[in-house]
Amino acid sequence: MRATTTLFSLSLLLAVSARNTYRSVLTDCLNTASVPILLTSTTGWADEIEPYNLRFTPAPSVVAIPRTQAEVQSAVKCAHANKIRVSVKGGGHSYGAYGLSGTLVLDMAEFQTVNLDQTTKIATVGAGVRLGNMANKLFSLGKRGVPHGTCEGVGIGGHATLGGFGLDSRLWGLTVDTISSVTAVLANGTAVTASASQNKELFWALRGAGPGFAVVTSFKLKTFAAPAVNINWSYTYSFPTPAAAATAFQIAQTWGQQSAPKELGYGIMLFPGNAFIVRGVYYGAKAKYDALIAPLLAKLKTAHGGVEPTKSVKTLGWIDSLTDLAGAALATPARGYDAHDTFYAKSIVTAESAPLSFEALTALFTYLYTVVPPSSAQWMIIANLYGGPGSVINSLPASTDPSSTSSYAHRTAGYVFQLYAYTANSLPPFDADIIPLVEGMVTAMGEEAADLPAYAPYADPELGQAEAQVRYWGDGVARLKVIKAQVDPMGILYNPQGF
Ligand SMILES: Cc1cc2nc3c(=O)[nH]c(=O)nc-3n(C[C@H](O)[C@H](O)[C@H](O)COP(=O)(O)OP(=O)(O)OC[C@H]3O[C@@H](n4cnc5c(N)ncnc54)[C@H](O)[C@@H]3O)c2cc1C
């Protein structure tokens, strides 16, 4: 027993000493290249490595804060020379804290440029910009917008390279679809531009499966004229039984896929206490919206026993609409932003050709109406419409199509469901029973849901790497492996569920 303990202590000592050695080699290299760094002993270290999801406690050895593309190159070369894994921190909002998963973290917070070319209307956006700041700047530069998610603190780096859905995405596409080119640094420190005509394979990989293929330093994004009138709308129902809720869900699910034009951002949200909310944004005039939504409301009212829902319909300008969706001011500090949650989430992507059946929905609602969440944990389900009439997301070629310039895999989706649960006060400790609570939502729906694809931006850390790759990137996995072997044969750039 004592001999085993001694051996264990010795190997621990060797491991610690090896870690200290490579850390000091890496640190020396970064210092020689004059790249600003933070070490575990530096003031502010704890804040620097704190992810959005406090379920995780990442433990990188060094954080580099490059200020220029040349410094990104130097930092990556230091890691490459010493075979050290690098991850990139954009906005830090990965569900699995993957931006902080490397031994060396590159924090892109210094890359805060947002410019608009007034002729082409192409925006140049630095890789450290948060979505709220990007929206504010593009509007002030030319009343322009880019499709993206609702949370102002999410970073463009991890959002645009994996997907990026907003309620305007059926109208304009996902954020990833707006990328016309990127400047980036490869795993060996080489700076490249990737576009539909330059480094095409890398471009295809970066647009959908990006993390782990290169460090993007700057994006060129197509922008759109921000609609002058935006109707932020929601209707809240409460159905007494699982069967009634399943009936209403099926009505809303079908109506969205068959009747929601691309100008209507559309989704269904479920919360504890039988709250059933249909909500979205209409990008157009109020009178048109009223006429469009009336048939859906009539059907849901019948399903609701003739009772009117609680409604909220606001006519807003572009920035006010985004602010209303975020539930917070869009202006967000690049550093010192301190919003958090402690959570676990899964996603499923239903095909337009196979919406959830009444049986699966009844089983889901039976589960939701009876389950007792652990330790007062809270949950929500959000089903956003990605498909439907005219959806730009689905108008683009499948990732496997020879004409495709994007590895984003879900071009025939009906809805993307997010199944999400979190601690009552959003803070640790994370109760491990939250995981089976969420998994139970999917398993309740039976085989129909079990093997569905998943949406990479909602990283599910409970999936093993191979399973995650298939669920996120489907038939694109083989091509992504080939590209990874070409651009990063030593596996320096790290994404735990990527390549
Ligand atoms: C509160 C909240 C709301 C959200 N809302 C939406 C939504 O409405 N719609 C939606 O589609 N998604 C949404 N998401 C998911 C979000 O899009 C992803 O979590 C996204 O990956 C976060 O990007 P980030 O840069 O903030 O995160 P990070 O953790 O910094 O990065 C995420 C991944 O991208 C990599 N990465 C970051 N920057 C770069 C770069 N410059 N080059 C290469 N790789 C890079 C990281 O290494 C990591 O693997 C939301 C997430 C949260 C937490």
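All values reported here derive from a predicted model rather than from experimental measurement. (Residues numbered from 1 in each chain as written. Predicted model: local features only at pLDDT ≥ 70, side-chain atom pairs only at ≥ 80, totals over all residues. Heavy atoms only, no water.)

Student: Explain the sheet that holds strand β8 (residues 179-185) to me, please; I cannot follow it from the model alone.
Tutor: Where strands meet in a sheet, backbone hydrogen bonds hold them as pairs that are either parallel or antiparallel. Judged by pairing direction, the sheet is antiparallel, and its five strands sit side by side in the order β5-β6-β10-β8-β9 without closing on themselves. The open sheet has two edge strands with one neighbour each: β5 (114-116) and β9 (191-195). On average, each strand axis in the sheet is tilted by 15° relative to the strand beside it, whichever way the strands run. Sheet topology places β5 next to strand β6 (residues 122-126); three bridges connect them, and they run antiparallel. What sits directly across from asparagine 115, in β6, is threonine 124. Those strands touched by helix α4 (residues 131-142) are β5, β6 and β10 (215-222), and its axis lies near 30° from that of β5. (Pairing = 2+ DSSP bridges. Helix = DSSP H or I, 4+ residues; strand = E, 2+ residues; numbered from the N terminus. Axes fitted to C-alpha atoms, helices over the stretch in contact; angles between N-to-C directions. Contact = heavy atoms within 4.5 Å.)

Student: Explain the site of the ligand here, please?
Tutor: Of all residues adjacent to the ligand, which total 30 residues, the nearest are Val88, Gly90, Gly155, His159 and Tyr455. A distance of 2.7 Å is found between an oxygen atom of the ligand and a side-chain nitrogen or oxygen belonging to histidine 159. In this structure, an oxygen atom belonging to the ligand sits 2.6 Å away from a side-chain N or O atom of tyrosine 455. Starting from 960 Å² of accessible surface for the ligand in isolation, the protein chains cover 94%. Counting residues per element, the ones that place at least two in the shell around the ligand are β3 (86-89), α5 (156-160) and β10. For the shell around the ligand, the per-class residue count stands at 16 nonpolar, 13 polar and one charged. (Near = heavy atom within 4 Å. Polar contact = N/O pair within 3.5 Å; in protein donor to acceptor, adjacent residues only side chain to side chain. Areas by Shrake-Rupley, 256 points an atom, 1.4 Å probe, with all protein chains shown as cover. Nonpolar A, V, L, I, M, F, W, Y, C, P; charged D, E, K, R; others polar.)

Student: What exactly am I supposed to notice about helix α13 (residues 434-444) here?
Tutor: Two residues of an α-helix separated by three or four positions point the same way, owing to the 3.6 residues in each turn. Every buried residue of α13 is accounted for by Ile434, Ile435, Leu437, Val438, Gly440, Met441 and Val442. Each element contacted by the buried residues of α13 is listed here: β16 (343-351), α11 (358-370), β17 (378-385), β18 (413-422) and α14 (447-450). Once α13 ends, the next one or two residues include glycine 446, with phi positive near 75°. (Buried < 20%, exposed > 50% of the residue type's maximum accessible area, 1.4 Å probe, protein only.)

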